[in-house]
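Below are the chains, spelled out letter by letter.
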2 protein chains.
Amino acid sequence: MASVAGPEIERLIQLLARLPGLGPRSARRAALHLIKKRDALMTPLAGALQLAIDRVQVCKVCSNIDTQSPCTICTDARRDPTTIVVVADVADLWALERANAAPGKYHVLGGTLSPLDGVGPGDLTIDALVARAHEPEVTEIILALNATVDGQTTAHYITDLLQEANVKVTRLAHGVPVGGELDYLDEGTLSAAMRQRTLF
Amino acid sequence: MASVAGPEIERLIQLLARLPGLGPRSARRAALHLIKKRDALMTPLAGALQLAIDRVQVCKVCSNIDTQSPCTICTDARRDPTTIVVVADVADLWALERANAAPGKYHVLGGTLSPLDGVGPGDLTIDALVARAHEPEVTEIILALNATVDGQTTAHYITDLLQEANVKVTRLAHGVPVGGELDYLDEGTLSAAMRQRTLF
């Protein structure tokens, strides 16, 4: 390939192929699409990447990413400062924001504990979370972690650490997804939904 | 979202979502991945895009894209100058190059005739192809176009135009794909493969 399209295009394809969701074939298509739409897409994308490189930073309070630190959420006076929603990743924070589901501020762990992948407590922002939980205004920590083994291990680990902080530790409810059909749900979800049933 | 991650990240996501193969969700994942791998991926990608913007151009002979014009293939003295392989798109040229299947040089049409999409002969590089076909050294035009209605319409249109040029006009063989199972092939392919059978 390098001899056909030149090393510059080959390099662009290789870098695009490292994006999640793009393989070698779709990276070639994306590169061609960019080259064809040089003014409408490639130039704006290069600019947007450079702007993100220059401006995006990690919030020193909650580890969210934003163009300011502390981030927009941490500095938003309208958000309930007594509640901290703990998420594994910024993508989870975005998902909760799209759902408009989080009552307070956030804390991004940067992953979940995973001994197999070599991720220990020191690799996450758990110390910062414990410090925030000891702030007098904080009364509730909501663990919005994935309902996976790693996510629940992390939730238990954090709950143990927060025993001495004067906060209520809660987690997301298990249950039937909205729009979900019972016939397709696993037994664990169904029995959790039954145990945690609510008044109609 | 704009209030959460800032307009810069939102703009990056919107631009990434316009790449083929990436939807809104995967564009968000790609943006986060880029931000997390700022030095390893985002900065090199921004540089590669800028380099492509600065250097990539369309070959004035064959309409291939390259960092030089005439392109590397057009200027390659080892390639048979008597044969021109006509493809609809640069992606097809790349596919033939990966297969090492083309004996000569190329001509990229820039698409196929498609009345429904408003693509007429003037939108493609057909005039340039006819001019090249009249060059004395050219003896064969190989139409390597998709075996679709638009591709074959384009092939017929070009074949008519080349009646007066002193060239042999050929097209790719129809037949059973290598590794293909007869049971899964359509009748058109099977009967073409039978008609064009070769000595074993």
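Parameters at a glance
- Residues numbered from 1 in each chain as written.
- Chains lettered and ligands numbered in written order.
- Predicted model: local features only at pLDDT ≥ 70, side-chain atom pairs only at ≥ 80, totals over all residues.
- Heavy atoms only, no water.
- Helix = DSSP H or I, 4+ residues; strand = E, 2+ residues; numbered from the N terminus.
- Rg over C-alpha atoms; globule rule 2.2 N^0.38 Å.
- Buried < 20%, exposed > 50% of the residue type's maximum accessible area, 1.4 Å probe, protein only.
- Contact = heavy atoms within 4.5 Å.
- Areas by Shrake-Rupley, 256 points an atom, 1.4 Å probe, with all protein chains shown as cover.
- Lys, Arg positive; Asp, Glu negative; His and termini not counted.
- Charge placed at Lys NZ, Arg CZ, Asp CG, Glu CD.
- Buried area = accessible area lost by both parts, 1.4 Å probe.
- Salt bridge = Lys/Arg side-chain N within 4 Å of Asp/Glu carboxyl O.
- Polar contact = N/O pair within 3.5 Å; in protein donor to acceptor, adjacent residues only side chain to side chain.
- Nonpolar A, V, L, I, M, F, W, Y, C, P; charged D, E, K, R; others polar.
- Expected span 1.5 Å × (residues − 1).
- Pairing = 2+ DSSP bridges.
- Axes fitted to C-alpha atoms, helices over the stretch in contact; angles between N-to-C directions.

A. Representation of the overall build of chain A in the model. A tally of regular secondary structure across chain A gives eight helices and six strands. Helices (α) and strands (β) of chain A occur, in sequence order from the N terminus, as α-α-α-α-β-β-β-α-β-α-β-α-β-α. Relative to the compact-globule value of 16 Å for 200 residues, chain A shows a C-alpha radius of gyration of 22 Å, a clear excess of over 25%. Taken along the three principal axes of its C-alpha coordinates, chain A extends 65 × 45 × 35 Å. Sorting the 200 residues of chain A into buried and exposed places 44% on the buried side. For chain A, long-range pairs separated by at least 24 residues make up 44% of all intrachain contacts whose partners lie at least 6 apart in sequence. Summed over all atoms, the accessible surface of chain A reaches about 10800 Å², with 54% contributed by carbon and sulfur. Mean positive and mean negative side-chain charge positions of chain A (19 and 23 charges, respectively) differ by 9 Å.

B. Fine view of unusual backbone geometry. Note the cis peptide between Ser69(A) and Pro70(A), where omega equals 0°. Take Pro70(A): it is sitting in the loop between β2 (65-66) and β3 (80-87). Unlike most non-glycine residues, Ser63(B) shows phi in positive territory, near 70°. Tracing the sequence through the fold places Ser63(B) in the loop between β1 (57-58) and β2 (65-66). Given the relative accessible area of 18%, Ser63(B) is considered buried.

C. Representation of the interface of chain A and chain B within the structure. Taken residue by residue, the interface counts 55 residues in chain A and 55 residues in chain B. Overall, the association of chain A and chain B removes approximately 5200 Å² of surface from exposure, summing both partners, and the carbon and sulfur fraction of that is 72%. Our enumeration of links across chain A and chain B arrives at four salt bridges. In this structure, Arg55(B) and Glu8(A) form a salt bridge, with 2.8 Å as the shortest nitrogen-oxygen distance. Applying the counting criterion to the chain A and chain B interface returns 12 residue pairs in polar contact (both at pLDDT 80 or more). Those elements that provide at least two residues to the side of chain A that touches chain B are α1 (2-5), α2 (7-16), α3 (24-36), α4 (38-55), β2 and α5 (90-98) of chain A. The dominant element in the side of chain A that touches chain B, judged by the number of residues it contributes, is α4(A), at 15 residues. For the side of chain A that touches chain B, the per-class residue count stands at 33 nonpolar, 10 polar and 12 charged.

D. Broad picture of α3(A). For α3(A), spanning 13 residues, the distance from its first C-alpha to its last is 18 Å, which sits close to the expected 18 Å at 1.5 Å a residue. Taken together, the buried positions of α3(A) are occupied by Ser26(A), Ala27(A), Arg28(A), Ala30(A), Ala31(A), Leu32(A), Leu34(A) and Ile35(A). Buried residues in α3(A) make contact with α2 and α4 of chain A together with α3 (38-55), β2 and α4 (90-98) of chain B.

E. Here's a closer look at the sheet that holds strand β5 (residues 140-143) of chain B. Residues and elements named next belong to chain B. Spatially, the four strands line up as an open sheet ordered β4-β3-β5-β6, and their pairing is parallel. The open sheet terminates on both sides in strands that have one partner only, identified here as β4 (104-108) and β6 (168-171). With direction set aside, neighbouring strand axes in the sheet form an average angle of 25°. Strand direction decides the pairing type here: strand β3 (residues 80-87) and β5, joined by four bridges, are parallel. The residue of β5 that forms the bridge with Thr-83 is Glu-140.

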